[in-house]
Amino acid sequence: MAELLLLTPATGASAQVLPALGLLAHRVRVLPMEPSALVDAPDSDVILLDARTDLAGARTTCRVLQATGLTVPLVLILTEGGLTVVTAEWGAVDLLLTTASPAEVEARLRLAIERARGLSEADAPQEISSGDLVIDATGYTVRVRGVPIDLTYKEFELLKYLGQHPGRVFTRAQLLQEVWGYDYYGGTRTVDVHVRRLRAKLGPEHEQLIGTVRNVGYRFDPPASRRTASAARMDEAAPESDTTTESPLHESTPGGH
């Protein structure tokens, strides 16, 4: 299931803009097609832009999106009349006609997300180092103190994805979507099982690299961040010193000079 953001000048449900969306399981958030609405727009996998009736407004919105440094795929929703107007300058990666079938919409969204994911992975560092742990993204190998660890493909992908975003907390549902694919129909327990296996293979000394955030999910905890957090807790627990107490060496005695 993908997170979709639909920008439209129309009111009503998303299925009124693109009927096929009403038959798919994706989560759709609808916002007005206005620059102010984009300021606090929620995170999404794809932005759908309704260009059915207001082509000029849609083009302006495309320019605004590009100016904000858009990093997710932009897909236009058009009628056949709009096909003669759209150019590459709009910045859209694909387009959908309002008459598109659910199967076509699903396929185009999947391809747009996979292409964007492939580009982001190409920009990511090919080797991730964290203390004794080294993740080689191109060689599909993980080493601890130079010793290779035998991981399954999904275990490797899960560790690599967490390692690429140190300190960031992911829910189990997000990890299922990013590592297994948003069309994976297994339960979130799959993530727990793979995390448990990863920790066992990393060993007692390094299992804390995969941290648990209670009632939320998991995150990659580099050793440096754990030391910082530990130091902060020690500082909070340390008693405050009383700087107003005078030293006995400076105390005066009755009749003293």
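See above for the structure.
Residues numbered from 1 in each chain as written. Predicted model: local features only at pLDDT ≥ 70, side-chain atom pairs only at ≥ 80, totals over all residues. Heavy atoms only, no water.

Student: Where do I start with the pattern of salt bridges in this structure?
Tutor: Oppositely charged side chains can form a pair if their charged atoms are brought close together. In the structure shown here, the tally under the stated rule is eleven salt bridges. Residues Glu 3 and Arg 27 are paired through a salt bridge, measuring 2.1 Å at the closest nitrogen-oxygen approach. Taken together, the positions of Glu 3 in strand E1 (residues 3-8) and Arg 27 in strand E2 (residues 27-32) put the pair 24 residues apart, joining distant regions of the chain. Overall, the relative accessible area of 24% leaves Glu 3 in the partly exposed class. Linking Glu 89 and Arg 59 is a salt bridge whose minimum nitrogen-to-oxygen distance equals 3.6 Å. Taken together, the residues span a long stretch of sequence, with Glu 89 in the loop between strand E4 (74-78) and strand E5 (94-97) and Arg 59 in helix H1 (residues 55-67) at a distance of 30 residues. Given the relative accessible area of 33%, Arg 59 is considered partly exposed. Linked through salt bridges whose partners overlap, the residues forming this network are Asp 94, Glu 104 and Arg 108. (Salt bridge = Lys/Arg side-chain N within 4 Å of Asp/Glu carboxyl O. Helix = DSSP H or I, 4+ residues; strand = E, 2+ residues; numbered from the N terminus. Buried < 20%, exposed > 50% of the residue type's maximum accessible area, 1.4 Å probe, protein only.)

Student: Got a minute to help me understand the nonpolar core in this structure?
Tutor: The nonpolar side chains of soluble globular proteins are, as a tendency, buried together. In this structure, Leu 133, Val 142, Leu 158, Leu 159, Leu 175 and Ile 210 are the most contacted members of the largest nonpolar core, which totals 25 residues. The set of elements that each furnish at least two residues to this core consists of strand E7 (133-136), strand E8 (141-144), helix H3 (153-164), helix H4 (172-180), helix H5 (189-202) and strand E12 (217-220). Of the residues forming this core, the biggest block, five residues, is contributed by H3. Core analysis: the second largest hydrophobic core is formed by 17 residues, Leu 18, Ala 20, Leu 21 and Leu 109 among them. (Core = buried A, V, L, I, M, F, W, Y, C linked by side-chain atoms within 4.5 Å.)

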